[in-house]
Amino acid sequence: MAVIHHTTLRPTKLELLTEWLPTREWYAGTEPRPAKAGGFRLDDPAGEVGIEFMAVTDADGAAYLVPMTYRAGPLAGAEHALIGTCEHGVLGKRWIYDGAHDPVLVDRLYALLAGRTQAQAQSQTDTRDLTVTVSPAGRGSEGEAELVGAEDDREGTDVGVRVAGTRLTLRLHRTLTSSPTATPGSDVATRLTAEWLLPDGTTARGTYVVVLGEDG
């Protein structure tokens, strides 16, 4: 169970994202001023890695999905995925990574999509986030998801995984768009939807992640 510490971060996550977002291929803004707009967390069974899916809105009103992991030390081979480091008021120095390139986040995301774990509230300890839904529910292979690689494009990030010998693609929708009635298409096996707040205070709902077709 992840414990949420209500303490300080220096620099803050949003300050780090202000510098990092313009370096991403999928970022379409011109003046990054990210504001936290929603999201959820997942638990690392080992209790070592913090896992957060954060939705942020920008100065132009666009919403972006930024999955992040928080670690006590550098993740070997993931220098390209480092968002930055910060000083946590309780835990000390933290290394913050783009979670699409972190094998712990990818495995736990697949477990959520397969119905083997539950989304947790972003800012509360041991509290389920009931607004996060997966459709169809509980459809997925047993076993751990091995991260094969992740690639960005203008549409988002495709994360390749291998589960029990089967290759899957988890597509992260980096730019969030409201689509409350979306259903899986012919090439989509599973869809994860969640909410975020718009700058005017209203709530939007749309697709965060989809699982694309299987390859042996």
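Just above sits the structure.
Scoring rules and cut-offs
Residues numbered from 1 in each chain as written. Predicted model: local features only at pLDDT ≥ 70, side-chain atom pairs only at ≥ 80, totals over all residues. Heavy atoms only, no water. Helix = DSSP H or I, 4+ residues; strand = E, 2+ residues; numbered from the N terminus. Rg over C-alpha atoms; globule rule 2.2 N^0.38 Å. Buried < 20%, exposed > 50% of the residue type's maximum accessible area, 1.4 Å probe, protein only. Areas by Shrake-Rupley, 256 points an atom, 1.4 Å probe, with all protein chains shown as cover. Phe/Tyr/Trp six-rings, centres within 6.5 Å; stacked < 30°, edge-to-face > 60°. Salt bridge = Lys/Arg side-chain N within 4 Å of Asp/Glu carboxyl O. Core = buried A, V, L, I, M, F, W, Y, C linked by side-chain atoms within 4.5 Å. Contact = heavy atoms within 4.5 Å.

Caption draft 1: A look at the overall build of the protein chain. Within the protein chain one finds two helices and 13 strands. Rg of the C-alpha trace for the protein chain: 16 Å, near the compact-globule value of 17 Å for 216 residues, within the 12% margin. Once the C-alpha set of the protein chain is aligned to its principal axes, its extents read approximately 45 × 40 × 30 Å. The buried share among the 216 residues of the protein chain stands at 47%. Carbon and sulfur atoms make up 48% of the accessible area of the protein chain, which amounts to about 10300 Å² in all.

Caption draft 2: Broad picture of the packing of aromatic side chains. Within the structure shown, the criterion is met by six aromatic pairs. Between Phe-40 and Phe-53, the aromatic rings sit 4.9 Å apart at their centres with planes inclined by 10°, giving stacked as the arrangement. On the criterion of sequence distance, the pair formed by Phe-40 in strand β2 (residues 35-42) and Phe-53 in strand β3 (residues 50-57) is long-range, its members being 13 residues apart. Phe-40 gets classed as buried once you look at its relative accessible area, which sits at 0%. Its relative accessible area of 1% is what places Phe-53 among the buried residues.

Caption draft 3: Representation of the pattern of salt bridges in the model. For the coordinates displayed, the defined rule picks out nine salt bridges. Residue Arg-41 is joined to Glu-52 by a salt bridge in which the shortest nitrogen-to-oxygen separation is 3.5 Å. With a gap of 11 residues between them, Arg-41 in strand β2 and Glu-52 in strand β3 connect regions that are remote in the sequence. By the burial criterion, Arg-41 is buried, and Glu-52 matches it. With a closest N to O distance of 3.7 Å, Arg-205 and Glu-195 form a salt bridge. Of this pair, Arg-205 sits in strand β13 (residues 203-212) while Glu-195 sits in strand β12 (residues 188-197), placing them 10 residues apart in sequence. Residue class for Glu-195 comes out partly exposed when judged on its relative accessible area of 32%.

Caption draft 4: Structural context of the nonpolar core. Ranked by size, the top nonpolar core spans 36 residues in total, and within it Phe-40, Leu-170, Leu-192 and Tyr-208 carry the most contacts. Only β2, β3, β4 (63-71), α2 (103-113), β9 (156-163), β10 (166-172), β12 and β13 provide two or more residues apiece to this core. If near-sequence neighbours (up to four positions away) are discounted, Leu-170 is found in contact with Val-106, Leu-109, Leu-113, Thr-157, Asp-158, Val-159, Val-161, Val-209, Val-210 and Val-211. Counting 16 residues, the second largest nonpolar core, distinct from the first, contains Leu-21, Trp-26, Tyr-27 and Met-54.

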